Amino acid sequence: AADAIHEVQNAGIQVVMVTGDRKETAVAIAKEAGLLVNPEDVALTSAEMAEKSDEEMKKILPHLRVVARALPTDKSRLVRLAQELEEVVGMTGDGVNDSPALKKADVGFAMGSGTEVAKEAGDITILDDNFSSIEKAILYGRTMFKSIRKFLIFQLTVNVSAVLSCFIGPLLGENVILTVIQLLLINLAMDTLAAIAFGSEPALREYMKDKPVPRNESIVTKDMLIEVIISALYITVICLSILFFAPIRNLFGDVDMTYLKSALFATFMMAITFNGFNARTAHINPFENLMRNKNFLLVMLSIFVMQFVFVTFGGEVLSVESLSLKSWLICLVLAFMVIPIDVVRKLLTAHK
């Protein structure tokens, strides 16, 4: 377990060994496992814990590494004290006496070889009784949480840009920017397909270098909001420019309003699709580790094909006209610019 303990500690997680063994044995094993390495690390017995008040234990808790001769009540007390300090607590156990602490903990890890009572009380059962499996659970848990945040960035950008476009457009003199059916297609494509794309993100070892997310932190962070606002504003501005900004509008030649709205719809769909590459990674390079998520590539390609079909064959149903090759290339370039704009944002925030 020593390597797994080291990985978990590097992830900012405090590991405490709570055992019924005598203190000398527990300390020796803890040193071998890499739990007791610093002078400030603390090892206590159950009797020593009992002598200390809750407030005294809370001061010791950040440095606590070993509890020897532990009683079932000690485990529950440790869980309670850590939670009162706003920590997220995971507890492992296999016996009936572990079940109260397993139940009380934020995440209870029951051992596969343990009692049925412990398995029932726990949230996750470690079938191989190996601490490294807990490390993997943490890695995949962080991957899932990050995937949720990536999807939120993507979906909020879609919604904010759509709302802004439909709100600002009438103020500029055009009542309908995106029709109801177009908005429905956008949401159907982006909600379902994007969920598949971001749900397939790989579990990267770099996630184990991140610090744990505080219990009271919002799922939508300040950096996420900044990314959403910048991308949504660009998509809104560039789409409305197709209708209202002469230098951009004239790129499409002498065409009617329906044609321009078709170009706007195509640009909007492609821009939010390209923004998916921005949302999937916080790295400067939006294409990093891309080949490890083949589903993402398939979904993005599918959305491109769908929007081509929508614009080319949608006709009166979607209130669109087929675009020329030149117009498609203009829309593609305008939409692709959402990627370098976000790269600039990442570069600027990286230097802060």
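Here the structure is shown first, and the text comes after it.
Here we summarise the structure given alongside this text. Computed from a prediction, not measured in an experiment: that's the story for all the values here.

**Brief notes about the side chain of Asn293**
Moving on, step 1. You can see Asn293 is positioned in the loop between α12 (257-279) and α13 (294-313).
Moving on, step 2. A polar contact of 3.0 Å, which involves the side chain of Asn293, links it to the backbone oxygen of Ala197.
Moving on, step 3. Not counting chain neighbours up to four residues away, the residues in contact with Asn293 comprise Ala197, Ser200, Glu201 and Pro202.

**Looking at the packing of helix α8 (residues 131-171) against α12**
Moving on, step 1. Running from amino to carboxyl end, α8 crosses α12 at an angle of 150°, the nearest separation of the two axes being 9 Å. If you check the angle between α8 and α12, you find them roughly antiparallel. Crossing handedness for the pair α8 and α12: right-handed. Residues Lys150, Ile153, Phe154, Thr157, Val158, Ser161, Ala162 and Ser165 of α8 form the contact with α12, whose participating residues are Phe268, Ile272, Asn275, Gly276 and Ala279.
Moving on, step 2. Residues belonging to the contact of α8 with α12 are distributed by class as follows: 7 nonpolar, 5 polar and 1 charged.

**Thoughts on the pattern of salt bridges**
Moving on, step 1. By the definition in use, this model includes 21 salt bridges.
Moving on, step 2. Across the pair Lys23 and Glu48 runs a salt bridge whose closest N-O atoms are separated by 3.5 Å. Of this pair, Lys23 sits in helix α2 (residues 23-33) while Glu48 sits in helix α3 (residues 46-50); the two residues are 25 residues apart in sequence, bridging distant segments of the chain.
Moving on, step 3. Across the salt bridge formed by Glu201 and Arg280, the nearest N and O atoms sit 3.5 Å from each other. Of the two residues, Glu201 is situated in the loop between α9 (180-199) and α10 (222-244) and Arg280 in the loop between α12 and α13; the sequence distance between them amounts to 79 residues.
Moving on, step 4. You can call Arg280 buried: its relative accessible area is 2%.
Moving on, step 5. Connected through salt bridges with shared partners, the residues Asp54, Glu55, Lys58, Arg77, Arg80 and Glu84 form a single ionic network.

Cut-off values and rules
- Residues numbered from 1 in each chain as written.
- Predicted model: local features only at pLDDT ≥ 70, side-chain atom pairs only at ≥ 80, totals over all residues.
- Heavy atoms only, no water.
- Helix = DSSP H or I, 4+ residues; strand = E, 2+ residues; numbered from the N terminus.
- Polar contact = N/O pair within 3.5 Å; in protein donor to acceptor, adjacent residues only side chain to side chain.
- Contact = heavy atoms within 4.5 Å.
- Axes fitted to C-alpha atoms, helices over the stretch in contact; angles between N-to-C directions.
- Parallel < 35°, antiparallel > 145°, perpendicular 65-115°, else oblique.
- Left-handed = near helix turned anticlockwise from the far one by under 90°.
- Nonpolar A, V, L, I, M, F, W, Y, C, P; charged D, E, K, R; others polar.
- Salt bridge = Lys/Arg side-chain N within 4 Å of Asp/Glu carboxyl O.
- Buried < 20%, exposed > 50% of the residue type's maximum accessible area, 1.4 Å probe, protein only.

No statement about biological role is implied by the geometric values presented.
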